[in-house]
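Given next are the chains, with one letter for each unit.
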Amino acid sequence: MLSDPAIDLCRRYTGETWAGAKERLGQLPQDSPLIPAAQGDQAFLEAQMLRALLEHPTTYTTRPLRIMRVIPYATRPVIRFAADADPDGLADLIAWGVFSTGGRDDLRGIRGLRIIDAGHGRIDVGLLGSDARLRLEGIPEAAWRDAEARRHQTALRFGEVPPFRYQGPTPGEHAFALEHGWLEEAWKEVSGLGSALLRRLLIFRSGADWLDMAGFTKHVSTYGFRLTFAESHWTDHDTLIEHLTHPVCGLALKEDMRTCACAFGERSCRIWFDGPEQAAGRLDLQLVTDQEDCEIAEYNQALTYAGSPHEEIMRVTGRPSGAAVVCAPGCHGRHGKVAFLRRMNEGRRREHA
Ligand SMILES: [Zn+2]
Ligand SMILES: [Zn+2]
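Residues numbered from 1 in each chain as written. Chains lettered and ligands numbered in written order. Predicted model: local features only at pLDDT ≥ 70, side-chain atom pairs only at ≥ 80, totals over all residues. Heavy atoms only, no water.

1. Here we look at the overall build of the protein
Looking only at helices and strands, the protein has twelve helices and ten strands in total. For 353 residues, the compact-globule estimate of 2.2 N^0.38 gives 20 Å, and the C-alpha radius of gyration of the protein, at 20 Å, lies within 12% of that figure. Reported as C-alpha extents along the three principal axes, the dimensions of the protein are approximately 60 × 55 × 40 Å. Counting every position in the protein, which comprises 353 residues, the buried fraction comes to 52%. (Helix = DSSP H or I, 4+ residues; strand = E, 2+ residues; numbered from the N terminus. Rg over C-alpha atoms; globule rule 2.2 N^0.38 Å. Buried < 20%, exposed > 50% of the residue type's maximum accessible area, 1.4 Å probe, protein only.)

2. Some details on the pattern of salt bridges
In the structure shown here, the tally under the stated rule is 23 salt bridges. Across the salt bridge formed by D92 and R150, the nearest N and O atoms sit 2.8 Å from each other. Placement of D92 in helix α4 (residues 87-98) and of R150 in helix α5 (residues 141-157) is noted, with a sequence separation of 58 residues between them. For D92, a relative accessible area of 12% puts it in the buried group. Under the relative-accessibility criterion, R150 is labelled buried at 8%. D124 is paired through a salt bridge with R135; the nearest N and O atoms lie 2.7 Å apart. Of this pair, D124 sits in strand β4 (residues 122-127) while R135 sits in strand β5 (residues 133-137), and the two are eleven residues apart along the sequence. (Salt bridge = Lys/Arg side-chain N within 4 Å of Asp/Glu carboxyl O.)

3. Looking at helix α6 (residues 171-189)
Here α6 spans 25 Å end to end across 19 residues, near enough to the 27 Å set by a 1.5 Å rise per residue. Along α6, the sharpest kink reaches roughly 85°, centred on H180. Buried within α6 we find G172, E173, F176, H180, L183, E184 and W187. Close packing links the buried residues of α6 with α3 (40-55), β3 (113-119) and α7 (191-198). (Expected span 1.5 Å × (residues − 1). Bend = angle between axes of the 7 residues up to and from the residue. Contact = heavy atoms within 4.5 Å.)

4. Looking at α4
Here α4 spans 16 Å end to end across twelve residues, near enough to the 16 Å set by a 1.5 Å rise per residue. In terms of residue burial, α4 counts as a mostly covered element, since nine of its twelve residues are buried. Turning to α4, its buried residues number three or more, namely G89, L90, A91, D92, L93, I94, A95, G97 and V98.

5. Here's the deal with unusual backbone geometry
Residues other than glycine seldom take positive phi values, yet R76 does so here, at roughly 45°. Mapped onto the elements, R76 comes out in the loop between β1 (67-71) and β2 (78-81). One non-glycine residue with positive phi stands out, namely D84, at about 45°. Positionally, D84 belongs in the loop between β2 and α4. Take D84: its relative accessible area is 25%, and that puts it in the partly exposed class.

6. Some details on empty space enclosed by the protein
The full count for this structure, using the stated rule, is one cavity of 30 Å³ or more. Roughly 40 Å³ of volume is contained in the largest cavity. Lining the largest cavity, in full, are Y13, L197, R200, I203, F204, H243, L244, G250 and L251. Elements represented by at least two residues in the lining of the largest cavity include exactly α8 (203-206) and α9 (237-244). A class-by-class count of the residues in the lining of the largest cavity yields six nonpolar, two polar and one charged. (1 Å grid on protein atoms, 1.4 Å probe; cavity = no way out; pocket = protein on both sides within 12 Å on 5 of 7 lines; lining within 4 Å. Points joined across faces, edges and corners; volume = space filled by probe spheres on them. Nonpolar A, V, L, I, M, F, W, Y, C, P; charged D, E, K, R; others polar.)

7. Observations regarding the packing of aromatic side chains
Inspection of the entire model under this criterion finds six aromatic pairs. Measuring from centroid to centroid gives 6.1 Å for F99 and W144, while their planes differ by 40°, and the two rings are tilted. Here the residue F99 occupies a position in the loop between α4 and β3, and W144 occupies one in helix α5, the gap between them amounting to 45 residues. In terms of burial, F99 and W144 fall into one category: buried. Relative to F164, the ring of F99 has its centre 4.8 Å away and its plane inclined at 70°; by these criteria the two rings are edge-to-face. With F99 in the loop between α4 and β3 and F164 in the loop between α5 and α6, this pair connects stretches of sequence that are 65 residues apart. Judged by its relative accessible area of 1%, F164 falls in the buried class. A network of ring pairs unites the aromatic residues F99, W144 and F164 as a single cluster. (Phe/Tyr/Trp six-rings, centres within 6.5 Å; stacked < 30°, edge-to-face > 60°.)

Laid out in structure tokens, this is it:
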């Protein structure tokens, strides 16, 4: 019998609604893990999605990689994005960051990713030549239409083929496969870990009060997260590691604490994890602090500008959203985050005009 605490626990990892989690968990076969693992091509697609999202710059948002929830169905899971105040930015992230961008030596995006179906506020994507599927939700239709149209125009200009609905590999994807086939093989080997992390992405939010999360990947096999904390909201590593390795919802990661300096009173470190026995790959977790009050206030303003929910901003900065930046004596005074976001938005608007 499914208990309420089990539902609450699971939701910390997936971000599902209470009713949604209750229904999904109620349908799981007996003895199934609360967060089922994907297999084969499905795991590969999910890991590639995580890789693409980590590689696309996504900061100044209280949602990890702009994701609100991941509903971890064994097949065709759902990723719900938050458009917040910038739906065009989200559509750009999907159109340019997730779909392949074409060239022979271009590592960005997911080769063979195609739109299978699209409806109100959702895009169903799949991998060519497989049954692997993902549903992407929360991307406003108008923003998506626009982003897709701009990619078509760019492709025309450079004599390329936009991948979205193309039958078979695009010439760019084909050339990439010939040149870098080994890379895809290496990505496949670590796809179990990538998929498992994507299915638990929200624990990075509910388990740690960071100001900002940046993603990266390294050496084909490593998924990286860099968390920046306000000094007053530092989340102890052990707490986060406990969540990540939780016996019911977590992963059997093996930690390597040699690069952690926290025992010496430092608050900036890096912890490596090896994937569980059955899942090769590594997780590179970096935790740093921002100590100046005015820098934290600046994050607060950037998050407010980007439309993060007020309660989240309060939770991670300790101040109501939009709080003023008052520089400490001796501060360099270069606070350009909001101006940077504004320039990006203006640039995007000009492109749309
Ligand atoms: Zn440490
Ligand atoms: Zn300052």
